[in-house]
Structure formats: structure tokens, C-alpha cells
Amino acid sequence: MTLDGQVALVTGGSRGIGRAVCLRLATMGARVGINYVSNPAAAEETLAAIRAGGGTGFLAPFDVADGRAVQEAVKAITDRHGGIDILVNNAGITRDGLMARMKEDDWDAVIDTNLKGTFLCSKAVMRPMMKKRQGRIINITSVIGFLGNAGQVNYGAAKAGIVGLTKSMARELAPRNVTVNAVAPGYIVTDMTSGLGEDIQAAIQAQIPLGSLGRPEDVAGVVAFLASKDAAYMTGQTLHVNGGMYMGN
Ligand code: NDP
């Protein structure tokens, strides 16, 4: 599973799942762009870890929800590194709250970052990929997009939206040999889930047949597969990485 000579951009690559994806793709030989928006120290750490492992990477700070910033950053990366072969749309946030109390701003922020960000970043990279007749776009959705969750109508809508976006994009880009797939993690130990109380974590764990929350590396391995040659004949799919918590498709 080599990615030698390829350039990958991982949104939200500085921490959590994105960080593990960056490290994994770099191990496979890709030059990895680490996107982040607010925490340069974490991104620097990820870059240092890539280099310590003998890989190559670079920082790519921009807000995925800001169309102009996305376009400028993608152009700068393309000019400097000769194109983007792999895009992993991973940047995501939560603004939880029961719907009756959810503020419109909380709805907008989650839809803008998680769903619109995926659209904007994909739109920015797709043209050169189509021209080159080569490209991989991998979108990180969530088990919540399939199961729903009280307190997460914004997040659930964004993540279910990503599944629909993935399928339609896959159909549009397939004639140019660009594949678009999604990965739906279950509960993974990251900053996003560390705030959950112990009782909630225990309740979640009880619903997972494999008996534990996942690690960022569990998701990164599946993203790496989708970026590799072995997944050349897959498009429009969602791969579930959730310890068996949800088995539908
Ligand atoms: P973390 O909170 O650990 O990391 C989020 C990352 O996204 C950070 O790198 C952050 O950068 C970046 N980010 C946030 N907003 C923006 C933005 N507007 N523009 C650019 N980058 C941004 O999240 P996880 O690793 O837990 O989650 C990663 C993805 O996986 C998300 O899409 C999430 O919804 C999804 N997921 C996570 C699950 C879990 O259990 N953890 C389960 C299912 C799905 P910075 O630090 O600079 O703000």
C-alpha cells in the first residue's frame, strides 16, 4: 500500500483522528498537508511526529468553512507541491444541545464546518484531479449520521448529509477516475469524546460488541486503505469503523 510521490491534504489533521491519518499516510510515503484552524502547537507536533518517522509533511492552516480561504490554500499547495492526489475531509466540531434549546448559531457552526467544509474542500481540489484522471476523496462521517443521537440534531444532520454528498460526488467524478468514499467512525478516543462523563462513556461501551471505544489509528487504517490502490474499484461507499455498534449500511 504505497503512496510514494502523492500529496495528501487532511483537514483537521492536527489532532485526534486526523492526526492518526496524517501519520499513517506519511508512513505510506505521501507528502501530507496538515490542516488546522486554531491550534498551531498541535499541528507542529503532528508535523514533528511525521518527520521523526522519516516522512514528509507541511502545515496548511485555514478554516474549512471559509470558501475563499479554502481556495487560496488549495492553490498555494498546488503551486508548491504540484497538486493534491488525496483529500481527507476530516475537520469537524460538535455544538451539542437538545433541539428545543439549540441556538441557530450552533446549528450553523456545525453544518458549516462539518458539511459545507467538506463541500468546499472537495470543490477546490476536484478540477485538477479530474484533469489528471486520478484522485481520492475520503469523507469522515459518523455513526451518529446513521443512528441519530438526542442532543446532536446539528451533528447528525451534517454527518448524514456527508453520506448523501459522498454518493452524489462519487457519481459525478467516477467518469474521471476520481473516487469518493466515506468512513463512519463510532466512538473514538479523542479530544471530541474526552469531555463525555464516565457514566456516559460506560453506557456507550455497553453498546459496543467489541467492548471498547476505538482508537484514532483504527480509523486511520481504513482511510489508508481507501487511499491505496487496493480500493481503486470502490466509490460512493461508507465503511463503518465502530466495534460493531452499528451494523447496517
Ligand atoms: P478533534 O476535536 O480531536 O479534532 C478536530 C480537528 O478538526 C482539529 O484538528 C481541529 O483543528 C480541526 N478543525 C475544527 N474546525 C475546523 C475548521 N473550521 N477548519 C479547519 N480545521 C478545523 O476531533 P476528532 O479527531 O474526534 O474528529 C475528527 C473527525 O471525525 C470529525 O469530523 C468528527 O466529527 C469525526 N468523528 C469523530 C468521532 C469520535 O468519536 N471522536 C466519531 C465519529 C466521527 P484546531 O485544533 O486547530 O481547532
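Okay, so let's go over this structure. (Residues numbered from 1 in each chain as written. Predicted model: local features only at pLDDT ≥ 70, side-chain atom pairs only at ≥ 80, totals over all residues. Heavy atoms only, no water.)

## Brief notes about the overall build of the protein chain
Helix and strand content of the protein chain: 9 helices and 7 strands. The globule rule puts the C-alpha radius of gyration for 249 residues at 18 Å, and the 17 Å found for the protein chain is close to it. Looking at the protein chain as a whole, 48% of its 249 residues are labelled buried. A sequence separation of at least 24 residues applies to 73% of the contacts in the protein chain between residues at least 6 apart. With an accessible surface of roughly 12000 Å², the protein chain has 51% of that area assigned to carbon and sulfur atoms. Considering the protein chain, the positive charge centre built from 24 side chains and the negative charge centre built from 21 side chains are found 10 Å apart. (Helix = DSSP H or I, 4+ residues; strand = E, 2+ residues; numbered from the N terminus. Rg over C-alpha atoms; globule rule 2.2 N^0.38 Å. Buried < 20%, exposed > 50% of the residue type's maximum accessible area, 1.4 Å probe, protein only. Contact = heavy atoms within 4.5 Å. Areas by Shrake-Rupley, 256 points an atom, 1.4 Å probe, with all protein chains shown as cover. Lys, Arg positive; Asp, Glu negative; His and termini not counted. Charge placed at Lys NZ, Arg CZ, Asp CG, Glu CD.)

## Overview of the site of the ligand
Taken together, 31 residues sit near the ligand, with Ser14, Ser38, Asn90, Tyr155 and Thr190 positioned nearest. Here Asn35 contributes a side-chain N or O atom positioned 3.4 Å from a nitrogen atom of the ligand. For the ligand, the protein covers 95% of the area, taking 900 Å² as the surface of the free molecule. Residue assignment for the shell around the ligand shows that the elements contributing at least two residues are helix H1 (16-27), strand E2 (31-36), helix H6 (153-173) and helix H7 (191-194). Examining the composition of the shell around the ligand, we find that 3 residues originate from one element, H7, more than from any other. Within the shell around the ligand, the residues separate by chemical class into 13 nonpolar, 14 polar and 4 charged. (Near = heavy atom within 4 Å. Polar contact = N/O pair within 3.5 Å; in protein donor to acceptor, adjacent residues only side chain to side chain. Nonpolar A, V, L, I, M, F, W, Y, C, P; charged D, E, K, R; others polar.)

## A look at the pairing of E2
In terms of residue burial, E2 counts as a mostly covered element, since 5 of its 6 residues are buried. Note that strand E1 (residues 7-10) and E2 share 4 bridges and pair parallel. When the bridges of E2 are listed, Leu9 appears paired with Gly33. Handedness of the E1-H1-E2 crossover: right-handed. Here E2 runs beside strand E3 (residues 56-61); their pairing, made up of 6 bridges, is parallel. Paired with Val32 across the two strands is Gly57, which belongs to E3. Handedness of the crossover joining E2 and E3 through helix H2 (residues 40-52) is recorded here as right-handed. (Pairing = 2+ DSSP bridges. Right-handed = clockwise from strand over helix to strand, strands pointing away.)

By themselves these figures say nothing about function.
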